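A closer look at the structure
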Amino acid sequence: MKEKNNKQKRKDGENKEKINPKRFFLKIKKSKALSALFIIVVAAAVALCSVGIVNFAKTAYLRPYMHKYPSVSFPEGIEERFCDYYGQHPETVGYIEIPDASYSEYILSENNHLNPVLDKSNVRKGLDFNTVVYLTSPQADIESCYAASGNYLKSTQKVTYSTLYESYDFNIIGTFYTNSNPEDDLNYCFPYNVTKEMTAKSLEAYTDRLYHRFLYNTDYEISSDDKLITICAKTDFMPDMLFVAVGVLDGDTQTTANENNAVHYPQVWYDQNNKTNIYRFASKWYPQIKTTDENGAESVSQQSSEEFTKF
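Residues numbered from 1 in each chain as written. Predicted model: local features only at pLDDT ≥ 70, side-chain atom pairs only at ≥ 80, totals over all residues. Heavy atoms only, no water.

**Points about the overall build of the chain**
Applicable threshold: Helix numbers and strand numbers start at the N terminus; a helix is a DSSP run of H or I with at least 4 residues, a strand a run of E with at least 2. The rule is simple: take the accessible area with a 1.4 Å probe, protein chains only, and divide by the maximum for that residue type; under 20% is buried, over 50% is exposed, in between is partly exposed. Contacts are assigned to residue pairs that have any heavy atoms within 4.5 Å of one another. Using a 1.4 Å probe, the Shrake-Rupley method yields the accessible areas, and only the shown protein chains count as cover for residues.
Across its full length, the chain carries eight helices and twelve strands. Considering the chain as a whole, with its 311 residues, one finds that 41% of them fall into the buried category. Long-range contacts, defined as pairs at least 24 residues apart, comprise 61% of the intrachain contacts of the chain with a sequence gap of at least 6. Taken as a whole, the chain presents about 18,500 Å² of accessible surface, with 53% of it coming from carbon and sulfur.

This is the structure in structure tokens:
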């Protein structure tokens, strides 16, 4: 009897030791799933930590300025060299350096009659077709550097324009005088400060009018691939006149500057100098601007005199 009981116990033990294959594989599958989930969670945590560390490193230089100027929101990506000035003047949008005039200054989005001002239609990051900067301080005497062809050829012709994020080097290719009062030119102001990309026909008309206004002609021909900078300053040349210098991005130093013997001045200049304006029948040109929507569809709009900054 005792031996029978022992045999039964051994049989029961053997039955217990037998493994159900289905349950076994389910258990393994569940274990693998938990392991995979654990790995995913750990990987996500590491990724988040890495992103956090990178973001912290990227903005670490801002922390002293954020502490110093707690009410100021610093734009992402701003170069550290601008931070302190930006903290004091949040309307700062860039910086301009004109070595020939021994001039450099922060550019603002609003006119305080001291700092240069960026045209209101220009982007704050990157470049438009034409970046327009108005010099409000008499200290920025670009006229003495670039009005005469001889001085122009002796100059470096270089201008560096910086946004808060990146710097760009331009080379001056021409200068001219223009009126700020429409009454001084048959009720017209040449829209030299167009900033956006134009149609091919409009660009051709714009450059043609520039070349006729330039005080001297260099060998440079503006194309649709170019990025321009237009620097505008007050002048004593005539009342309500402006002196304008045009530069091209990454342009070469110009070695030729031939005097323009038929400069297109505003009508008031011809009146004062007892001369006939050979351009008096020229059309009052305004640019056609190309725009592209989010779907890539292009459209064209005609600009009018009311759309340009008065300086």
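**Quick word on the packing of aromatic side chains**
For the record, the criterion: For Phe, Tyr and Trp, rings pair up if their centres lie within 6.5 Å, where Trp contributes its six-membered ring, and each pair is then called stacked (planes under 30 degrees apart), edge-to-face (over 60) or tilted (otherwise). Placement of a charge over a ring requires the Lys NZ or Arg CZ to be within 6 Å of the ring centre, with the centre-to-atom vector within 35 degrees of the ring normal.
One pass over the structure, following the stated rule, counts 22 aromatic pairs. For the ring pair Tyr-206 and Trp-285, a centre distance of 6.0 Å and an interplane angle of 35° mean the geometry is tilted. Of this pair, Tyr-206 sits in helix H7 (residues 200-213) while Trp-285 sits in the loop between helix H8 (267-272) and strand S11 (288-292), placing them 79 residues apart in sequence. Judged by relative accessible area, Trp-285 falls into the buried class, the value being 9%. Note that Lys-125 overlies the ring of Tyr-165, its terminal NZ or CZ placed 4.7 Å from the centroid. Just above the ring of Phe-311 sits the side chain of Lys-234; from NZ or CZ to the centre is 4.4 Å.

**A short note on H7**
Formally: The span one expects for a helix is its residue count, reduced by one, times 1.5 Å.
For H7, built from 14 residues, the straight-helix expectation of 20 Å at 1.5 Å per residue is met to within 8% by its first-to-last C-alpha distance of 20 Å. Considered for burial, the residues of H7 that qualify are Ser-202, Leu-203, Ala-205, Tyr-206, Thr-207, Arg-209, Leu-210 and Arg-213.

**Some details on unusual backbone geometry**
At Leu-186, a residue that is not glycine, the phi angle is positive and equals roughly 55°. Along the chain, the position of Leu-186 falls in the loop between strand S6 (167-179) and H7.

**Details of the environment of Lys-196**
Our working rule: Residues adjacent in sequence count toward polar contacts only when both atoms are side-chain atoms; beyond that, a polar contact is any pair of N or O atoms within 3.5 Å, and within protein one must be able to donate a hydrogen and the other to accept it.
With respect to the helices, strands and loops of the structure, Lys-196 is situated in the loop between S6 and H7. C-alpha of Lys-196 to C-alpha of Asn-122: the two residues are 74 residues apart in sequence and 8.1 Å apart in space. Leave out the neighbours within four places in its chain, and Lys-196 touches Ser-121, Val-123, Asp-128, Phe-129 and Ile-289. A distance of 2.9 Å separates the side chain of Lys-196 from the backbone oxygen of Ser-121, its partner in a polar contact. A polar contact is formed between the side chain of Lys-196 and the side chain of Asp-128, at a distance of 2.9 Å.

**Details of the pattern of salt bridges**
Note the threshold: By definition here, a salt bridge exists when the distance from a side-chain nitrogen of Lys or Arg to a carboxyl oxygen of Asp or Glu is within 4 Å.
Applying the stated criterion to the full structure yields four salt bridges. Salt-bridge contacts for Arg-81 lead to Glu-79; the nearest nitrogen and oxygen are separated by 2.7 Å. We classify Glu-79 as partly exposed; its relative accessible area is 23%. Across the pair Glu-197 and Lys-290 runs a salt bridge whose closest N-O atoms are separated by 3.2 Å. Here Glu-197, found in the loop between S6 and H7, pairs with Lys-290, found in strand S11; they are 93 residues apart in sequence, far enough to count as distant.

**Section: the pairing of strand S4 (residues 130-135)**
The line we're drawing: Pairing between strands requires that DSSP locate at least two bridges from one strand to the other.
Of all six residues that make up S4, six are buried, and the element is covered over most of its length. Burial along S4 is two-sided: the residues Asn-130, Val-132 and Tyr-134 and Thr-131, Val-133 and Leu-135 are all buried. In this sheet, S4 lies alongside strand S3 (residues 117-118) in antiparallel orientation, the contact comprising two bridges. Opposite Val-117, over in S4, you have Tyr-134 as the bridge partner. Relative to strand S8 (residues 228-234), S4 is paired through six bridges, and the arrangement is parallel. In the strand pairing of S8, Val-133 is matched with Ile-231.

**Notes on the confidence of the model for the chain**
Parts of the prediction with low pLDDT should not have their coordinates interpreted in detail. Here is the rule: pLDDT expresses, on a scale from 0 to 100, how confident the predictor is about each individual residue.
Looking at the chain, pLDDT values average 88 and 82% of them are 70 or higher. Predicted confidence is poor over residues 49-54, with pLDDT under 50, and the contacts of this stretch with residues over four places away or in other chains come to zero contacts.

**Observations concerning the side chain of Thr-175**
Tracing the backbone shows Thr-175 in strand S6. Given a relative accessible area of 0%, Thr-175 falls into the buried group. In contact with Thr-175, other than residues within four places in its own chain, are Tyr-146, Ala-147, Arg-213, Phe-214, Leu-215, Tyr-216, Phe-243, Val-244 and Ala-245.

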